[in-house]
Amino acid sequence: KTKDPLQYEFHQAVEEVVESLSDFLLKNPRYLHSKILERMVEPERIIQFRVPWADDQGNIHINRGYRIEMNSAIGPYKGGLRFHPTVNQSILKFLAFEQVLKNSLTSLPMGGGKGGSDFDPKNKSDSEVMRFCQSFMTELARHIGQYTDVPAGDIGVGGREIGYLFGQYKRLRNEFTGVLTGKGVEWGGSLIRPEATGYGTVYFAKEMLETIGESFENKVVAISGSGNVAQFAAEKVIELGGKVVTLSDSSGSIYDPDGIDRKKLDFIMELKNIHRGRIREYADKFGVSYLDKQRPWSIKCDIALPCATENEINGEEAKTLVENGCIAVAEGANMPSTMDAVHHFLNSKILFGPGKAANAGGVAVSGLEMTQNSMRLAWSREEVDNKLHSIMKNIHQMCVKYGTESNGFVNYVKGANIGGFVKVANSMMAQGLV
Ligand code: NDP
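Residues numbered from 1 in each chain as written. Predicted model: local features only at pLDDT ≥ 70, side-chain atom pairs only at ≥ 80, totals over all residues. Heavy atoms only, no water.

What follows concerns the packing of helix α15 (residues 381–403) against helix α16 (residues 412–430). At a minimum axis separation of 7 Å, α15 and α16 run at an interaxial angle of 100°. Of the possible angle classes, the one that applies to α15 and α16 is roughly perpendicular. Every residue of α16 that contacts α15 at His 396, Met 398, Cys 399, Val 400, Tyr 402 and Gly 403 is listed here: Tyr 412, Lys 414, Gly 415, Ala 416, Ile 418, Gly 419 and Val 422. For the contact of α15 with α16, the class distribution of residues is eight nonpolar, four polar and one charged. (Axes fitted to C-alpha atoms, helices over the stretch in contact; angles between N-to-C directions. Helix = DSSP H or I, 4+ residues; strand = E, 2+ residues; numbered from the N terminus. Parallel < 35°, antiparallel > 145°, perpendicular 65-115°, else oblique. Contact = heavy atoms within 4.5 Å. Nonpolar A, V, L, I, M, F, W, Y, C, P; charged D, E, K, R; others polar.)

Ordered by their spatial adjacency, seven strands build an open sheet running β9-β8-β7-β6-β10-β11-β12, and the pairing between neighbours is mixed. This sheet does not close on itself; its edge strands, each paired only once, are β9 (289–292) and β12 (351–353). Each strand axis lies, on average, 15° off the axis of its neighbour in the sheet, ignoring direction. Direction of pairing for strand β11 (residues 328–330) relative to β12: parallel, over a ladder of three bridges. (Pairing = 2+ DSSP bridges.)

With that out of the way, let us pick up the pattern of salt bridges. Scanning all chains against the criterion turns up 27 salt bridges. Arg 131 is the partner of Asp 56 in a salt bridge, and the nearest nitrogen-oxygen pair spans 2.7 Å. You can see Asp 56 sitting in the loop between β1 (45–54) and β2 (60–71) and its partner Arg 131 sitting in helix α5 (residues 126–140), a full 75 residues away along the chain. Given the relative accessible area of 38%, Asp 56 is considered partly exposed. For Lys 206, the salt bridge identified is with Glu 210, shortest N-O distance 3.7 Å. Taken together, the positions of Lys 206 and Glu 210, both in helix α7 (residues 193–210) and four residues apart, correspond to about one turn of that helix. The partly exposed category is assigned to Lys 206, whose relative accessible area is 21%. (Salt bridge = Lys/Arg side-chain N within 4 Å of Asp/Glu carboxyl O. Buried < 20%, exposed > 50% of the residue type's maximum accessible area, 1.4 Å probe, protein only.)

In structure tokens:
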């Protein structure tokens, strides 16, 4: 905090981890003696660069590009790129720090990193986005590689952006390698990668629900966001018999008490992925309520899946959810719950799956994409989905192993943090003072 006093999001992410690791560290003092935590919070490397680009009218814009190479103890740096005006070092360091523990939980050999830019892809033409991506990659290319650092998508970086970034990398390097994940299936991408984070979050929630003899069948589910993660979380919930009643974007939320069915979800996918429209248009089309500038947490639900962005559930909203009878929260987004909200969920003893466990499915399938690229083959949809499902089950088991308290309550926050930490810490110690 004294070194970087204004990095609030980063402090928040570290505080949550330190809080839940403290007992474990006191019982295992070798980690304290080796100052593993102090080492882990310091990124191995931070790259910051200028990204100049010209819009369709020929006006020149300058954005900032970043890559945080956080930890490579168990594999090449791995983590997404975010394009959003709020991007700064604090946000990327929090995401990179979470990513280290998350990647470890997947049991695949991936270190942690994160990057992106304060560029806003909203209201930009395809050719503007392409020129930006090409400029961004022109600098980033020298820092990444299939054995060094393998970026993927995140907020504002989907299939279109990964395509432009990959095209530019290939042009600069004259090589076709798995340097990025989230690629199109026709050019090295993995089946199920677009679905992976959303599906994985629902698989994780399903595992949690089973511990109390529950399932998604006939449950009312509130989801926030309407991007990649939210769309596929909704798809899987519908498939498992749940009723999705909300979705949102940064302008507001929709509430559809009859539930978003397959046909309505197709409308949303087209609206968001092709027309890049606003969720309000769903309310207009289907005649349901639109909660202007509001998040969906006032709506009564059994299960909540925050899938938009960080700090989107505060303490008060957590209280409302629990009072309204919510029995489970699984975080599709990264750190969507504030510390107050996390404390409220844990104190209320509801099922609470933190992002680094619940949304690890995306990076897990990215890891599987890397494997397929190295082996030069492509697994079927079913094969990848089965592997994803079993990875999410393993992560759940790991959380239960490290997070079960003496009264039987599973503290998934603690479980995920300890489960993710041990492998990275042991590897760092084995590799000497690095
Ligand atoms: P998308 O860009 O596809 O969608 C993001 C969604 O969240 C949009 O609906 C967006 O609305 C909304 N949103 C973004 N910023 C804000 C904000 N400040 N306030 C309210 N709503 C906001 O991103 P993803 O679906 O890929 O990512 C969503 C979350 O999931 C992020 O936290 C990301 O880090 C996390 N995640 C993503 C993974 C992936 O594989 N994609 C993997 C693991 C975690 P609008 O269109 O108005 O901006």
